[in-house]
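Examining the three-dimensional arrangement
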Amino acid sequence: MIQFKTKVAFTGLMLSVGQLLAQDNKDYPIQPVTFNHVHVHDEFWAPRIQINSEITIPYVLQKCRETGRVDNFLKAAGKKPPTNLTEYPFDDSDVYKVIEGVSYALQVKPNPSLEKSVDTLIQIIGEAQEPDGYLYTFRTMKPAKLHPWISPKRWEKDSDLSHELYNSGHLFEAAVAHYLSTGKKTLLDIATKNADLIVKDFLYGKAPYFPGHQVIETGLSRLYRVTGKKEYLALAKYFLDIRGTGVVRGSEYSQSHKPVTNQSEGVGHAVRAAYMYTGMADVAALTGDQSYIDAIGKIWSDVVTKKMYLTGGIGATGAGEAFGAPYQLPNMSAYAETCASIANVYWNNRMFLLHGDAKYIDVMERVLYNGMLSGIAQDGKKFFYPNPLASMGQHQRSAWFGCACCISNVTRFMPSVPGYVYAQDKNNVYVNLFMTNNADIQIPAGKISLSQQTAYPWKGDVKITVNPQKQMRFAMRVRIPGWARNEAVPGDLYRFASVKAANQIVINVNGNPVDYQIEKGYAVFNRTWKKGDVITFDLPMQVEKVLANENVKDDVGRFALQRGPLVYCLEGPDHSDQSVQNIVVDQQSNFTPIYNESLLNGVLLLNGTGNATARQENSDQLLKKELPVKAIPYYAWNNRGPGEMVVWIPYEASLSRPKPAPTIASKSKISGSVNSQRMLSSLNDQFEPSSSEDKSALYVHWWPKKNTEEFIEYTFDQPYTISESKVYWYDDAPFGGCRIPAKWELLYKNGDEWVPVQTTTPYEIVKDKYNTVQFTPVKTTALRMKVKLPPNHATGVHEWIVK
């Protein structure tokens, strides 16, 4: 095994481990009321939780069988030959996450068939585990050739991409969920055997590798809570403290570029990051380490004020699935991975449990109703990996991904939603979310039953019936959402366009208005409660226009629509010509909310008026045509097939994407060595790219091809005499796979033959501008561009003009 390079670093870590093993038990000052004590029966979340249980979980479980994920364990157990491995070494984790989801679902509603399936899976997992506790199918099955992400020795590449510890983290999460749900220790015993091996190999200095993909930290914390074994908590802290020490080379991508307590910005892979910040919160709560709390507080402020989408999504770029620079929040190419949204919920909930501040629940609610919920289709069997805020139709939920992390993550997350509604701290009861439910809560003063009735998120009226076991004094802390106090989000990243005084929410107890104090975003009612007491209030749900901070360049001259916790969007199926990218709406226009129970399983629409824009030839003046505009909740988009969508609506006409003017190119039929007609349609849409790497619109590309000859072709609507052509190349260097071509050539159709044009100027091959070529005039019915891809990359095209 590799030893630490410096005795000082080793000694310091061992001292902290020793101190940790000797300390008294600690935990979050505020405790959640777990989802098995909260029974949701509303018309919004309850059907979704039911679909997850009855459709999504069985579907994903079957997919794990069909795609070979379950077979991986059989191969590791020696029951099948080690051939035809699945694609990624972290595929084991999908099985664990499904087990976790089933375990949660079983607490909500018994399902003997699913429980039996899980018992069988656990037996297979146990047989795949090596005698010393190691559990990692891609190595244990002894394939003829190891996956390139894996080292011949255990753990050596975990700081990079092997995901051994990542798999273990999800194993621990699943094991705890299964034990708490069923009382069975079958999976827990497998998990503790694995954890004991990792303690042996890591905790006492034998292996210095930090987890390349964080999640084991939260898994160990949960395992510690259930077993009481302090070595698991010490190991979680060890894995955090070893990051950024220089013993193993780190990077921003995995948040290992500096010690975690010295970090103050959200950087790198967004899922890894949010899992780490969640793990830091867990370890801080369980150890009392204030330096962790200080660090994640600074990071939270950075993310929420500079790097979070209006939907609550995080991760601006597909390059590394990562946070971008401050205020870098593109819409069409937004990554905002579904896994990152789920991790963002975990992180913000932990921040609330540490501090009791409603601002964290404000962010969590935003993610729940928007960035997370958009990740799954209403049928429960199609999924988004990235969640963009604009589309030309190139985005569509998929039935499965080779990298299925988001799909399995949804299955485990959905059953847990009721566990975010309430929390308690001594004799304080927090009401965080609003959904119809019944809950049982135990506080020091006694047992309380709460009943909540509401049509949220469509209506703001909420009724909470308080039924204490006996007459007793305690505090009800009811969150007044930031959006109901004229605060779009904590900080200044987004604001409401209308400037008005903060709403004073009238809250009644037993029908009478009562005075209350606001503490950290909560209306506090500290009184003696008796059975049948009723709290009622009505949160104001005006339609709000949201403006972004002026530093968010992609949102300048645009507004978004929000009502209550829901962000809205315009989608093609609700508009003429299936188009919304060409719509402009005046900033002063009004929108009227109307509930439509037959659309998208019942949604509240926002109806207004705008203008469709179109270009005209030889003029910069846009043509405008008034039309009705209809907005739907963002989470519901793409349930009617692929098409255009926009969250940030331009109020400046110059920012719209007008219908193209009638030109030779725009009237042509397009073909080429690209299968996607939607992609080909971008060649003549007259969109002006800002640079070669502009991802804010569609473009043609031949990735992943390299060093091949490709073509695109215009077939004209009639013969034209042409003498010039312009092309704008797509090039996403340095991170992407496209570069400008090695060469290109134009050919015109002469009868049945393709003939090269006689150029009078050279063929340009330059980034970030139109490349123009002029040639001897020819009369023809078609023009073809031959493109030679560079040896090691593909090529792409934004726009192709013919004159």
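Right, let's walk through the structure included here. (Residues numbered from 1 in each chain as written. Predicted model: local features only at pLDDT ≥ 70, side-chain atom pairs only at ≥ 80, totals over all residues. Heavy atoms only, no water.)

1. Focus on the sheet that holds strand β2 (residues 38-40)
Reading across the sheet, the 7 strands line up as β2-β6-β7-β8-β15-β11-β12 and stay open at both edges, with antiparallel pairing between neighbours. In the strand order of this sheet, the two ends are held by β2 and β12 (512-513), each with one partner. Sheet analysis places strand β8 (residues 461-468) next to strand β15 (residues 533-538), joined by 6 bridges and oriented antiparallel. Bridging from a neighbouring strand, V462 pairs with F537 of β15. (Pairing = 2+ DSSP bridges. Helix = DSSP H or I, 4+ residues; strand = E, 2+ residues; numbered from the N terminus.)

2. Some remarks on the packing of aromatic side chains
Aromatic rings considered in pairs are described by the distance between their centres and by the relative angle of their planes. Applying the stated criterion across every chain yields a total of 42 aromatic pairs. Here F90 and Y166 contribute two aromatic rings whose centre-to-centre distance is 6.4 Å and whose plane-to-plane angle is 80°, an arrangement assigned as edge-to-face. With F90 in the loop between α3 (69-76) and α4 (92-108) and Y166 in helix α7 (residues 164-182), the pair connects residues that are 76 residues apart, well separated along the chain. Summarising the burial analysis for this pair, F90 and Y166 share the class buried. Relative to Y522, the ring of F352 has its centre 6.2 Å away and its plane inclined at 40°; by these criteria the two rings are tilted. Residue F352 is located in helix α13 (residues 338-355), and its partner Y522 is located in strand β14 (residues 522-529); the two are separated by 170 residues in the primary sequence. (Phe/Tyr/Trp six-rings, centres within 6.5 Å; stacked < 30°, edge-to-face > 60°. Buried < 20%, exposed > 50% of the residue type's maximum accessible area, 1.4 Å probe, protein only.)

3. Describing unusual backbone geometry
Along the chain, W703 connects to P704 via a cis peptide bond; the corresponding omega equals 10°. Along the chain, P704 turns up in the loop between β26 (700-701) and β27 (709-730). Following A733, the chain continues into P734 via a peptide bond in cis, with omega recorded as 5°. Following the sequence through the fold, P734 ends up in the loop between β27 and β28 (743-750). Here K426, not a glycine, exhibits a phi torsion of approximately 55°, which is positive. By the secondary structure assignment, K426 is in the loop between β4 (422-425) and β5 (428-431).

4. A few points about the nonpolar core
Judged by nonpolar contacts, the single largest core of 227 residues is most densely connected at W45, F202, L368, M476, Y494 and F537. Here L368 is in contact with W45, V345, L373, F413, V417 and L433, once residues within four sequence places are set aside. Counting residues in hydrophobic clusters, the runner-up holds 30 residues, among them I712, Y720, L783 and W800. (Core = buried A, V, L, I, M, F, W, Y, C linked by side-chain atoms within 4.5 Å. Contact = heavy atoms within 4.5 Å.)

5. Quick notes on the pairing of strand β9 (residues 472-479)
Among the 8 residues of β9, 7 are classified as buried, and the element is accordingly described as predominantly covered. For β5 and β9, the ladder comprises 4 bridges, and the chain directions are parallel. Within β9, the position partnered with V429 by the bridge is M476. Note: β9 against β14, 8 bridges, orientation antiparallel.

6. Structural notes on the environment of Y456
Residue position: Y456 is located in the loop between β7 (446-454) and β8. A C-alpha to C-alpha distance of 6.2 Å links Y456 and M435, two positions 21 residues apart in sequence. Those residues in contact with Y456 that sit more than four places away from it in its chain are F44, E365, Y369, F434, R479, P481, W483, L539, M541 and P565. At a separation of 2.6 Å, a polar atom in the side chain of Y456 contacts the side chain of E365. (Polar contact = N/O pair within 3.5 Å; in protein donor to acceptor, adjacent residues only side chain to side chain.)

7. Let's talk about the sheet that holds β5
With mixed pairing, 6 strands are arranged side by side in an open sheet as β1-β4-β5-β9-β14-β13. Of all the strands in the sheet, just β1 (31-32) and β13 (517-519) have a single pairing partner and so form its edges.

8. Overview of the pattern of salt bridges
Under the definition given, this model contains 38 salt bridges. Close ionic contact of K109 with E54 constitutes a salt bridge, the shortest N to O distance being 3.6 Å. Of the two residues, K109 is situated in the loop between α4 and α5 (112-128) and E54 in helix α2 (residues 45-66); the sequence distance between them amounts to 55 residues. (Salt bridge = Lys/Arg side-chain N within 4 Å of Asp/Glu carboxyl O.)

9. Let's talk about the pairing of β5
Neither face of β5 is exposed, since N428 and Y430 on one face and V429 and V431 on the opposite face are all buried. Of the strand pairs in this sheet, β4 and β5 are connected by 4 bridges, and their pairing is antiparallel. Its bridge partner lying in β5, D425 is registered against N428. Counting the residues between successive antiparallel strands, the hairpin from β4 to β5 contains 2 residues, one of them, K426, with a positive phi of roughly 55°.

10. Section: helix α8 (residues 186-203)
If you check α8, its first and last C-alpha atoms are 25 Å apart, about what 18 residues at 1.5 Å a residue would give, namely 26 Å. With 13 of 18 residues buried, α8 lies mostly within the body of the structure. Of the residues one or two after α8, G205 is the one with positive phi, at around 90°. (Expected span 1.5 Å × (residues − 1).)

11. Description of the side chain of Q581
Inspection of the secondary structure assignment puts Q581 in the loop between β18 (566-571) and β19 (583-584). Since its relative accessible area comes to 8%, Q581 is described here as buried. A polar atom in the side chain of Q581 sits 3.1 Å from the backbone oxygen of S391. Once residues lying within four places of it in the same chain are set aside, the contact partners of Q581 are M332, A390, S391, M392, E644, M645, V646, S656 and R657.

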